[in-house]
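The primary structure of each chain is shown beneath.
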Amino acid sequence: MNDFLIVKNMKQFIMSLDNIIINYPRKENVIKDRLLNDSLDILYLIYKANYSKNRRNIQIKILSKISMLDFYLERSLKNKYISEKECLKKSNQLLTITKMIHGWIKSDKSKL
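Here the structure is a predicted model, which is why all the values come from computation and not from measurement.

Asks: Even after reading the chapter, I still don't get helix H3 (residues 55-78), so can you show me in this structure?
Replies: Its 24 residues give H3 an end-to-end C-alpha distance of 35 Å, which sits within 8% of 34 Å, the value for a rise of 1.5 Å per residue. Directly after H3, the chain includes lysine 80, whose backbone phi takes a positive value near 65°.

Here it is as structure tokens:
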């Protein structure tokens, strides 16, 4: 699996968040900050796992953080901060990244 393809997709997701979070009200700064911070954490963890010998634990953390991002998007949709179309688009981007991470995990298992 080309790990840098995962990085590329994650970077695209992070860049596209800028257009969404502008619409969040001030009272939702926590969710807005979590969306950005967890996205950046995932990018960091992808780089860290790429250079680590014990990738499995880091990859599990990445998957759990992606699940949290999906929750934040779902909550944003429920509160009408983002449209259903935008939520679906972002969720599909996260699904693609999740599938890539699972493929990365499987390819690491086959190398053992």
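Asks: Could you clarify how one ought to interpret helix H2 (residues 29-51) in this entry?
Replies: Owing to its 3.6 residues per turn, the α-helix aligns residues three or four sequence positions apart on the same side. End to end, H2 covers 33 Å across 23 residues, agreeing with the expected 33 Å (1.5 Å per residue, within 8%). What H2 keeps buried is the set Ile31, Leu35, Asp38, Ser39, Ile42, Leu43, Leu45, Ile46, Ala49 and Asn50. Among the structural elements, helix H1 (3-21), H3 and helix H4 (84-111) are those in contact with the buried residues of H2.

Asks: Could you clarify how one ought to interpret the packing of H1 against H2 in this entry?
Replies: When two helices pack together, their arrangement is given by the angle between the helix axes and the distance between those axes. Between H1 and H2, the least distance of the axes is 10 Å, while the angle of their chain directions is 170°. As summarised for this structure, H1 and H2 are arranged roughly antiparallel, according to the angle between their axes. Listed contacts from H2 to Asp3, Phe4, Ile6, Val7, Met10, Lys11, Phe13, Ile14, Leu17, Asp18 and Ile21 of H1 are Lys32, Leu35, Leu36, Ser39, Leu40, Ile42, Leu43, Ile46, Tyr47 and Asn50. Here the contact of H1 with H2 is composed, by residue class, of 15 nonpolar, two polar and four charged.

Analysis parameters
- Residues numbered from 1 in each chain as written.
- Predicted model: local features only at pLDDT ≥ 70, side-chain atom pairs only at ≥ 80, totals over all residues.
- Heavy atoms only, no water.
- Helix = DSSP H or I, 4+ residues; strand = E, 2+ residues; numbered from the N terminus.
- Expected span 1.5 Å × (residues − 1).
- Buried < 20%, exposed > 50% of the residue type's maximum accessible area, 1.4 Å probe, protein only.
- Contact = heavy atoms within 4.5 Å.
- Axes fitted to C-alpha atoms, helices over the stretch in contact; angles between N-to-C directions.
- Parallel < 35°, antiparallel > 145°, perpendicular 65-115°, else oblique.
- Nonpolar A, V, L, I, M, F, W, Y, C, P; charged D, E, K, R; others polar.

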